[in-house]
Amino acid sequence: MILLLHAAASTGKIVWGQTSLPRIARENRAILVAPDGLNKTWDTHFWKKGGVDDVGFLTRLLDVVVKNDHGDPERIYVTGMSAGAGMTFALALTIGDRLAAIGPVANNLGKEELDQPLRLAKPLPVVHIMGTKDNSVPYAGGRVFGIWPVLSADDTIAFWVKHNRCRAEPTIEDLPDTNTADHSRVRRITYTGPDGADVVHYRIEGGGHTWPNGPDDALGRWLLGETNRDIDSGKALWEFFRDKRRPAAR
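Residues numbered from 1 in each chain as written. Predicted model: local features only at pLDDT ≥ 70, side-chain atom pairs only at ≥ 80, totals over all residues. Heavy atoms only, no water.

Caption draft 1: Structural context of the packing of aromatic side chains. Inspection of every chain in the model, using the stated rule, returns 5 aromatic pairs. With a centroid separation of 4.9 Å and an interplanar angle of 5°, the aromatic rings of Tyr-77 and Phe-241 are classed as stacked. Of this pair, Tyr-77 sits in strand β3 (residues 77-81) while Phe-241 sits in helix α8 (residues 233-241); the two residues are 164 residues apart in sequence, bridging distant segments of the chain. Between the aromatic rings of Phe-159 and Trp-160, the centroid separation amounts to 5.0 Å while the plane-to-plane angle is 90°, which identifies the pairing as edge-to-face. Given a relative accessible area of 21%, Phe-159 falls into the partly exposed group. Judged by relative accessible area, Trp-160 falls into the buried class, the value being 0%. Members of the aromatic cluster, joined through ring pairs, are Tyr-77, Phe-240 and Phe-241. Across the ring face of Phe-240, the terminal group of Lys-244 is positioned such that the distance to the ring centre comes to 4.0 Å. (Phe/Tyr/Trp six-rings, centres within 6.5 Å; stacked < 30°, edge-to-face > 60°. Helix = DSSP H or I, 4+ residues; strand = E, 2+ residues; numbered from the N terminus. Buried < 20%, exposed > 50% of the residue type's maximum accessible area, 1.4 Å probe, protein only. Lys NZ or Arg CZ within 6 Å of the ring centre and 35° of its normal.)

The following block contains the structure:
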């Protein structure tokens, strides 16, 4: 089962139409769940709501889906874009030992999350997709909208590489530039971890604050930057998720 988390000022219905994951889930008999956050956001470093326990809410949601819809508790994956990616990180750092893998898109680890006690004991496979020209979340780190501090993409990856005890030297692949009109290219950087706990970073050179191969329009391009068309983010996420299982309890 895949938990799909929307961006700020968005909804589960909207994010359902921004990615190919609904089609991929149907084709592969996976359960896809796209809940709504209170006031159209999530309680993370991106938007602090105060007094709202989104980790508790989403944990209970997973419990319900496992029980009522026969979701496989060993194959729970979480992805999200922007604030949804921030919530993905928050879940990873708190209930990550229940998850098989995560796939945050267009966000980096928040410094506030890392200031909290780490409740993640086991390695957790991570696929991270981020544009170098993201106008909302700085790829090089800093503050989101001048307010919320985030790590750089490189430091975010370094955190997971260290936690998962991956090999220090990555495999680097420059993927084919199949669409030259999108003014962007993709570099895939893979750090191999023990027992499949890999960390993969899709560095979208020139990419903006968008789902690669997601919907695009002139206003969106002006506000959010370029949408890469060389890869399909939903397909990249599923290809990473599909063979990952949560390690058995010891």
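Caption draft 2: How the structure looks around helix α3 (residues 54-68). With 15 residues, α3 extends 21 Å between its outermost C-alpha atoms, agreeing within 8% with the 21 Å of an ideal straight helix rising 1.5 Å per residue. Residues of α3 that are buried: Asp-54, Val-55, Gly-56, Leu-58, Thr-59, Leu-61, Leu-62 and Val-65. Residues of α3 that are buried sit in contact with β1 (2-5), β2 (32-33) and α4 (83-95). (Expected span 1.5 Å × (residues − 1). Contact = heavy atoms within 4.5 Å.)

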